[in-house]
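Okay, here's what each chain looks like letter by letter:
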Amino acid sequence: MEASLTFSQDMDDEYEKLIRRMNPPRVVIDNKTCKNATVVQVDSANKHGILLEVVQFLTDLNLVITKAYISSDGGWFMDVFKVTDQDGNKVMNEEVLDYIQKSLGPDSTFMTRSVGVLPSLDYTSIELLGRDRPGLLSEVCAVLAHLKCNVVNAEVWTHNTRAAAVMQITDQETGCAIADPERLARIEQLLRNVLRGSNHSKEAKTMVSHCDTHTERRLHQMMFADRDYERVYDDALEDRERPNVSVVNWYDKDYSVVTIRCKDRPKLLFDTVCTLTDMQYVVFHGSVDAEGTEAYQEYYIRHLDGSPVKSDAERQRVIHCLEAAIKRRVSEGLKLELCTTDRVGLLSDVTRIFRENGLTVSRAEVTTRASKAVNTFYVRDASGYPVDAKTIESIRDAIGQTILKVKGTHKELKQVTQESQSSRFLFGGLFKSRSFCNFSLLGPTLE
């Protein structure tokens, strides 16, 4: 049976290679037609997931997709993207344009492999999933520091009371991936204990991987599998903030038409296409317009088996999953950026200072570039109040005024009044006193 399955997969791979040789992908980059964007046209033999691969590739280059026209009906994939750099200008860098041409063109290997399954010897990837709570990231980082693990890259999302993280760690002494199975098992167990918390939640999950996965796609998959799209509460405030997502059937053409209207933000297109792909839907036609502050997306989809959405329950599930995909990356809280020389335990120290000052991290991006730590945190007051300006200044004094900076809008900050000081003492102190309370769960293994 296994031999038959392997033979079938090999035949599929050879057939795909033949189709590719007969119809090599073609990329046309045009900087003349549109006055405010670079036009990238991609033509290729069609396969499931190819739209996500191209969108992911352009997004990973930090390009902003302002408009897109999608057509993949039949055996051919023809898409047009209007892209700009982060400053809203045309892409004029010849190295970047050449890289796009080579990566998506006829000589590339990009569109012949699966997304993110390459082995890595540089680091070990750890996936964490559990119930969100104040101080959770601090506790996780403290355990890793104690176990002599250095966090070189990480991304943390929280949504609907759930928290997910993908962390890339190295051994403190060697600076390489951790290979010892017993040590990895111990790291997994201790992190699982922290995720479970004092209520010994069975919902906590940890997994160690030596593969170089695409972090953001993996986070979507983890939270989707955890069913974070199932609403915990449904009040009027959430209704006002909810994206406008609709799904209707076009019976004459056997399509389901998905329309999305919401506030535009970076990587929105990737998030929605990723979710539709992982839900096993195929986008046959579509258009995207994100030139203003609001984004509009329209997709004509069918399930991988060729059928449109079949029931109201399925329709509601698609809507809720797309809403969750959009809101997972919504940056709730005050944006803080840290830039300094990387060292072992840096992330543990910074998140400890956040926790001791009554702040909780709603989202985090941790990167290491040439021995420099470049980290972004979105923080909120753990007691639910706006973040005090004095609290932020105190944190910046402790970490370094030039190292930690406040970015973006200051609307999440509030000036301290006598009433707010009293509130912070009564409620904020509750979370400060919780510091490392869950370390008792680690037992003698930390000694």
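Now for a look at the structure at hand. Keep in mind it's a predicted model, so treat the numbers as computed, not measured.

1. Notes on the sheet that holds strand 11 (residues 244-250)
Across the sheet, which stays open at both edges, the eight strands sit in the order 1-2-4-3-13-14-12-11 with antiparallel pairing between neighbours. The open sheet has two edge strands, strand 1 (26-30) and strand 11, and neither has a second partner. Across the sheet, the mean angle from the axis of one strand to that of its neighbour is 20°, orientation sign disregarded. Across eight bridges, strand 13 (residues 281-289) lies against strand 14 (residues 294-303) in antiparallel orientation. For V283, the partnering residue across the bridge sits in strand 14 and is I301. Seen against the sheet, helix 3 (residues 94-104) touches strand 1 and strand 2 (38-45) and runs at an angle of roughly 160° to strand 1. Contacting strand 3 (64-71), strand 12 (255-263), strand 13 and strand 14, helix 8 (residues 268-278) runs over the sheet at an angle of about 15° to strand 14.

2. Side note on the packing of helix 2 (residues 50-60) against helix 8
At a minimum axis distance of 10 Å, the contact between helix 2 and helix 8 shows a crossing angle of 155°. Accordingly, the angle class assigned to the pair helix 2 and helix 8 is roughly antiparallel. The handedness of the crossing between helix 2 and helix 8 is left-handed. On helix 8, the residues that touch L51, L52, V55, Q56 and T59 of helix 2 are L269, F270, V273, C274 and T277.

3. Things to note about helix 3
Those residues of helix 3 not exposed but buried are L97, I100, S103 and L104. Buried residues along helix 3 cover an arc of 135° about the axis, so they all sit on one side. The exposed residues of helix 3 that point more than 90 degrees off its buried face are E94, E95 and K102. Of the surrounding elements, those touching the buried residues of helix 3 are strand 1, strand 2 and helix 2.

4. Observations concerning the pairing of strand 13
Both strand 3 and strand 13 contribute to a ladder of five bridges, which runs antiparallel. The residue bridging Y69 from the neighbouring strand is S287, located in strand 13.

5. What to know about unusual backbone geometry
Although it is not a glycine, N62 adopts a positive phi angle of roughly 65°. Looking at where N62 falls in the secondary structure, it is placed in the loop between helix 2 and strand 3. Among the residues examined, N62 registers a relative accessible area of 46% and is labelled partly exposed. The backbone of D254 sits at a positive phi, close to 60°, despite the residue not being glycine. Of note, D254 is situated in the loop between strand 11 and strand 12.

6. Some points on the sheet that holds strand 16 (residues 359-369)
Spatially, 9-6-8-7-16-17-15-19 is the arrangement adopted by the eight strands of the open sheet, whose pairing is antiparallel. Since the sheet does not close on itself, it has two edges, and those belong to strand 9 (205-209) and strand 19 (404-407), each with one partner. Geometrically, the sheet is characterised by an average inter-axis angle of 20° between neighbouring strands, direction not taken into account. Strands in contact with helix 4 (residues 136-146) are strand 6 (124-131), strand 7 (149-159), strand 8 (162-171) and strand 16; relative to strand 8, the strand with the most contacts, it is inclined by about 20°.

7. Some words on the pairing of strand 2
Extensive coverage of strand 2 is indicated by the burial of seven of its eight residues. Note that strand 1 and strand 2 share five bridges and pair antiparallel. Looking across to strand 2, one finds that R26 is bridged to D43.

8. Notes on helix 8
Across the eleven residues that make up helix 8, a large majority, eleven, are buried. Within the span of helix 8, buried status applies to L268, L269, F270, D271, T272, V273, C274, T275, L276, T277 and D278. After helix 8 finishes, the residue Q280 shows a positive phi value of roughly 70°.

9. Considerations on the packing of aromatic side chains
Applying the stated criterion across every chain, the model contains seven aromatic pairs. The structure contains a cluster of three or more aromatic residues connected by ring pairs, namely W250, Y255, F284 and Y300. Above the face of the F284 ring, R302 is positioned so that its terminal group lies 4.8 Å from the ring centre.

10. Considerations on the nonpolar core
Counting residues in each nonpolar core, the largest one holds 49 residues, and the members touching the most others are L51, L58, I65, F81, V83, I260 and Y299. No other element matches the seven residues that helix 2 contributes to this core. Those residues in contact with F81, other than ones at most four positions away along the chain, are T38, V39, V40, L51, V54, V55, L58, I65, K67 and A68. By size, the runner-up hydrophobic cluster in this structure holds 47 residues, among which are L147, I353, V361 and V379.

Cut-offs used in this document
Residues numbered from 1 in each chain as written. Predicted model: local features only at pLDDT ≥ 70, side-chain atom pairs only at ≥ 80, totals over all residues. Heavy atoms only, no water. Pairing = 2+ DSSP bridges. Helix = DSSP H or I, 4+ residues; strand = E, 2+ residues; numbered from the N terminus. Axes fitted to C-alpha atoms, helices over the stretch in contact; angles between N-to-C directions. Contact = heavy atoms within 4.5 Å. Parallel < 35°, antiparallel > 145°, perpendicular 65-115°, else oblique. Left-handed = near helix turned anticlockwise from the far one by under 90°. Buried < 20%, exposed > 50% of the residue type's maximum accessible area, 1.4 Å probe, protein only. Arc of directions from axis to C-beta. Phe/Tyr/Trp six-rings, centres within 6.5 Å; stacked < 30°, edge-to-face > 60°. Lys NZ or Arg CZ within 6 Å of the ring centre and 35° of its normal. Core = buried A, V, L, I, M, F, W, Y, C linked by side-chain atoms within 4.5 Å.

Any functional reading would require information beyond the geometric quantities listed.
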